[in-house]
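# Architecture at a glance
One-letter residues, chain by chain:
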Amino acid sequence: MDQVVDLNVGGVFYTTAASTLVQAQPSLLADRFSGRLDPLPKDSKGRYFIDRDGVLFRYVLDFLRDGKLSLPESFREKERLRLEAAYYRLDGLTERLREQRPGYITVGYRGTFAFGRDGLSDVNFRKIPRILICGRVALCRDVFGDSLNESRDPDHGDTDRYTARFFLKHTSIEQAFDMLQDQGFYMAGSCGSGTAGGTSAAELKPGVDSEECRWNHYNEFVFVRDS
């Protein structure tokens, strides 16, 4: 158990102690390095080879060493790390990944009720051009991951700051709600502006449909996670 072990995880090299790899019982690594399962294959340099994500393995190894999980504030691959934890059968790491900090996120969207014109039957009941996401930067990234578009508010290095300029790459409000629910959020409040029925045609920009503009509305939904 005091043996030094060289690992090749997906092309990324690590050196650790065999006692670290068997620290979590039961787990795939503990079974491999305690002899309960066949040993891992070795690469051309004699390193034990694991065909998994080599970059994310650093967090697996840190957990085995300390029993704790410390992720960067800007970490955006929690779902992939959950897959790694499941592969290595590290129930403790899976539980750490489920721990969630409290906070608020506001979801806003400007939509249009279009009931069809000139007798057309292809009614577009609700058109959403963009879904806005407001809240703490790190929390928004944690919830929405790769579906978050940060082009209007690029990262300035302070991940503990707040923003009201993020938006989603998709326009499905229900999908956004599902993602928030999956992360333990619930809706605490909502408000809507109603339609802009009094908009004058003289105020419209060139190319904007006056009939559609009459039914523009803006809505916000406040979501909270207590723990």
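Below, the structure is looked at part by part. Computed from a prediction, not measured in an experiment: that's the story for all the values here. (Residues numbered from 1 in each chain as written. Predicted model: local features only at pLDDT ≥ 70, side-chain atom pairs only at ≥ 80, totals over all residues. Heavy atoms only, no water.)

What follows is about the pairing of strand E9 (residues 216-225). Extensive coverage of E9 is indicated by the burial of seven of its ten residues. Direction of pairing for strand E4 (residues 103-112) relative to E9: antiparallel, over a ladder of ten bridges. Within E9, the residue paired with Thr106 across the bridge is Val222. Examined bridge by bridge, strand E8 (residues 186-192) and E9 share six bridges and lie antiparallel to one another. Each bridged residue has a counterpart across the sheet, and for Gly189 the counterpart in E9 is Val222. (Buried < 20%, exposed > 50% of the residue type's maximum accessible area, 1.4 Å probe, protein only. Helix = DSSP H or I, 4+ residues; strand = E, 2+ residues; numbered from the N terminus. Pairing = 2+ DSSP bridges.)

For the rest of this paragraph, the subject is the pattern of salt bridges. Throughout the structure, instances matching the rule amount to eleven salt bridges. The partner of Arg47 in a salt bridge is Asp43, with the nearest N and O atoms 3.0 Å apart. Each of the salt bridges in this network shares a partner with another, and the network as a whole consists of Asp31, Arg36 and Arg89. (Salt bridge = Lys/Arg side-chain N within 4 Å of Asp/Glu carboxyl O.)

If you walk across this open sheet you meet the three strands as E2-E1-E3, and the pairing is mixed. At either end of the open sheet lies a strand with only one pairing partner, and these are strand E2 (12-17) and strand E3 (48-50). The sheet shows a mean angle of 30 degrees between the axes of neighbouring strands, taken without regard to direction. (Axes fitted to C-alpha atoms, helices over the stretch in contact; angles between N-to-C directions.)

Bringing the packing of aromatic side chains into the picture now. Per the stated rule, a full pass over the model turns up seven aromatic pairs. When the ring of Tyr14 is compared with that of Phe57, the centres are 5.2 Å apart and the planes differ by 65 degrees; the resulting orientation is edge-to-face. Placement of the pair is Tyr14 in strand E2 and Phe57 in helix H3 (residues 57-66), with a sequence separation of 43 residues. On the accessibility criterion, Tyr14 (15% relative accessible area) is buried. With 5.1 Å between their ring centres and 80 degrees between their planes, Tyr87 and Tyr88 make a pair best called edge-to-face. Members of the aromatic cluster, connected to one another through ring pairs, are Tyr14, Phe57, Tyr87 and Tyr88. Lying across the ring of Tyr87, Arg52 places its NZ or CZ 4.1 Å from the centre. (Phe/Tyr/Trp six-rings, centres within 6.5 Å; stacked < 30°, edge-to-face > 60°. Lys NZ or Arg CZ within 6 Å of the ring centre and 35° of its normal.)

Now for the nonpolar core. In terms of nonpolar packing, the biggest core is built from 28 residues, with Leu7, Leu21, Leu29, Phe33, Phe57, Val60 and Tyr88 touching the most fellow members. For this core, the element with the most residues is H3, which contributes six residues. Residues within four places of Phe57 in sequence aside, it is in contact with Leu7, Val9, Tyr14, Leu29 and Tyr88. Within the second largest apolar cluster, 21 residues are counted, among which are Val107, Phe144, Ile173 and Leu180. (Core = buried A, V, L, I, M, F, W, Y, C linked by side-chain atoms within 4.5 Å. Contact = heavy atoms within 4.5 Å.)

Looking now at the pairing of strand E7 (residues 162-168). Pairing geometry for strand E5 (residues 127-136) and E7, over four bridges, is antiparallel. Paired with Ile133 across the bridge in E7 is Phe166. Note that strand E6 (residues 148-149) and E7 share two bridges and pair antiparallel. Bridging from a neighbouring strand, Asn149 pairs with Phe167 of E7.

Turning our attention to the packing of helix H4 (residues 78-87) against helix H5 (residues 91-98). Packing of H4 against H5 leaves a shortest axis separation of 8 Å and a crossing angle of 160 degrees. Judged by the angle between their axes, H4 and H5 are roughly antiparallel. Regarding H4 and H5, the two cross each other, and that crossing is left-handed. Residues Lys78, Leu81, Arg82, Ala85 and Ala86 of H4 form the contact with H5, whose participating residues are Leu93, Thr94 and Leu97. Along the lines of polarity and charge, the residues of the contact of H4 with H5 split into five nonpolar, one polar and two charged. (Parallel < 35°, antiparallel > 145°, perpendicular 65-115°, else oblique. Left-handed = near helix turned anticlockwise from the far one by under 90°. Nonpolar A, V, L, I, M, F, W, Y, C, P; charged D, E, K, R; others polar.)

By themselves, these are just geometric observations and shouldn't be taken as functional.
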